[in-house]
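So the chains spell out like this:
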Amino acid sequence: MRLPLRHAPTGQDAPLRRCAHLEALAVAALGLPLGPAMELVTARRSRGRYGNALQWHFGLDTHDGLPQLDWEDRIEIKMLTVWRQQAGKIRCDKLKVCDQQLDPWHKLSNVLWVLVDRVTRVVVGSRLTHLAGPMRERLERCWGQDPHFDNPVMFVEAREQDGRQAPAYYLAARWFREEGILPESLPGVYRYDAKWFRESRHQHGRKLDPLVALWRPGERELACPRCQGRLLVEPDRVAKNGWAPAKHTMPLGDACALRGHLVVDATKLPLDNHHPYRSELEAGIERRVAAEQVWRLADRVIEPEDHLH
């Protein structure tokens, strides 16, 4: 059930905030798989676990729900999960802004949106927005609109979490399209088959994503990157859709026995062939990184002397 907005807009442009350090991290994050960090720093079934992993990679605390903005109370960091429809268009779901008791206008004043592919959990891009001018004016029209009949792009949704009422502000998926935050095309965004993913999770009785292996054109089968088995695929299906389910042969390693399997076309990843960490990033996508080998992006990005603020 949707509820009216609780916080009135200010009617004024938010001050522009930027930080060269955060911008450098966003650029370096392109191609970063979030799976290894997610398994290291979060509970596998927790909500927002990949967003927590992203915060950790940026050198921040993984906890959320504070009134301050994530980055020095200047810029909010939001992970936006994206996928490609069969028609080729990039889409996303509605996105939680903050809990109802927090001010959504402050949370949206300056935002770094980090786009992450839903199939591979790889960072595929980022966008910076500033709540000012026409964008602010369009969003402020939500104030006073009926949450059902007027279909506003920002609304409060009643929800229950851990047995208690926890209403929260949300942005509708169409807002990201209308404001140009979702691009028309983007390398590394794969088509998402909700039915297959749902059936794969149900078959294995766990709320765990299927395991990904990287496929190169022409391969009908490939060695499992995690155990001694092999993965059988339909090359035409992979070539057409960019990914396809895979059948895992015996023997099955411990991790492989508990999950579904798919392959993705490695040539469609947002990684340059000469990327200095390409082999490590590919290992992360395929979940073949031991806990002690998981590295943090913030440790590899040099902090600039001038943060531009």
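Per chain, residue numbering runs from 1 following the sequence as it is written. Thresholds applied to this predicted model are a pLDDT of at least 70 for local features of residues and 80 or more for the giving and counting of side-chain atom pairs; totals over whole chains, interfaces and linings are not thresholded and use all residues. The side-chain numbers reported here are obtained from all heavy atoms of the structure, hydrogens and water having been left aside.

Some remarks on helix α5 (residues 133-140)
Part 1: Accessible area is worked out with a 1.4 Å probe on protein chains only. A residue is then buried under 20% of its type maximum, exposed over 50%, and partly exposed in between. Numbering goes from the N terminus for both helices and strands, where a helix is a DSSP run of H or I of at least four residues and a strand is a run of E of at least two. Within the span of α5, buried status applies to Gly133, Met135, Arg136, Leu139 and Glu140. End-on, the buried residues of α5 take up no more than an arc of 160°, which puts them together on one face.
Part 2: Any pair of residues with heavy atoms lying within 4.5 Å of one another is described as a contacting pair. At its buried positions, α5 is contacted by α4 (104-107), β6 (123-130), β7 (154-157), β10 (168-171) and α6 (173-178). Throughout, the arc means that of the directions going from the helix axis to the C-beta atoms.

Section: the sheet that holds strand β14 (residues 243-245)
Backbone-to-backbone hydrogen bonds join strands into a sheet, with any given pair of strands oriented parallel or antiparallel.
Part 1: Strand pairing follows a simple DSSP-based rule, namely that at least 2 bridges must link the two strands. The strand order across the open sheet formed by three strands is β11-β16-β14, and the pairing between neighbours is mixed. The sheet is open, and its two edges are formed by β11 (211-215) and β14, each paired on a single side. Adjacent strand axes in the sheet meet at a mean angle of 25° when their direction is disregarded.
Part 2: Bridge analysis of β11 against strand β16 (residues 261-265) gives five bridges, and the strand direction is parallel. Bridge pairing in β16 places Val212 opposite Leu262. Angles shown run from 0 to 180 degrees and are taken between the N-to-C directions of axes, each axis being a line fitted to C-alpha atoms and, for helices, limited to the stretch in contact.

Looking at the packing of aromatic side chains
Note on aromatic pairs: each is described by the distance of the centres and the angle between the planes.
Part 1: Within 6.5 Å between ring centres, the rings of Phe, Tyr and Trp (the latter by its six-membered ring) count as paired, and their orientation is classed by plane angle as stacked under 30 degrees, edge-to-face over 60, tilted in between. This structure, assessed with the given rule, holds 10 aromatic pairs.
Part 2: When the centroid spacing of 5.1 Å and the interplanar angle of 85° are considered together, the rings of Trp196 and Phe197 count as edge-to-face.
Part 3: Ring plane angle 40° and centroid distance 5.9 Å describe the contact between Tyr277 and Trp295, whose orientation is recorded as tilted. A residue pair is termed long-range when its members are at least 10 positions apart, and Tyr277 in the loop between β16 and α9 (278-285) and Trp295 in the segment after α9 qualify at 18 residues.
Part 4: Ring-pair connections join several aromatic residues into one group, and the members of that group are Trp83, Tyr192, Trp196, Phe197 and Trp243.
Part 5: Definition used: whenever NZ (Lys) or CZ (Arg) falls within 6 Å of the ring centre and also within 35 degrees of the ring normal, the charge is taken to sit over that ring. For the cation-ring pair, Arg118 lies above Tyr192, with the distance from its terminal atom to the ring centre recorded as 4.2 Å.
Part 6: The side chain of Arg300 reaches across the aromatic face of Trp295, ending 3.9 Å from its centre.

Notes on the nonpolar core
Part 1: Membership of the largest hydrophobic core comes to 44 residues, with the highest contact counts inside it found for Leu34 and Phe58.
Part 2: When residues in this core are grouped by element, the largest group, four residues, is from helix α3 (residues 49-57).
Part 3: Non-local contacts of Phe58, meaning those with residues more than four positions away in its chain, are made with Leu22, Leu25, Ala26, Ala29, Trp71, Ile77, Leu112, Val114, Leu297 and Ala298.
Part 4: The term nonpolar core refers to a set of buried residues drawn from Ala, Val, Leu, Ile, Met, Phe, Trp, Tyr and Cys, joined through side-chain atoms within 4.5 Å. Core analysis: the next-biggest nonpolar cluster, separate from the first, contains 31 residues, Trp105, Leu108, Met135 and Leu186 among them.

With respect to the sheet that holds β6
Part 1: The strand order across the open sheet formed by four strands is β3-β2-β5-β6, and the pairing between neighbours is mixed. Strands at the two margins of the open sheet, each flanked by one partner only, are β3 (90-92) and β6. Geometrically, the sheet is characterised by an average inter-axis angle of 35° between neighbouring strands, direction not taken into account.
Part 2: As judged from the seven bridges shared by strand β5 (residues 110-117) and β6, these two strands associate in the antiparallel manner. By the bridge assignment, Asn110 is partnered in β6 with His130.

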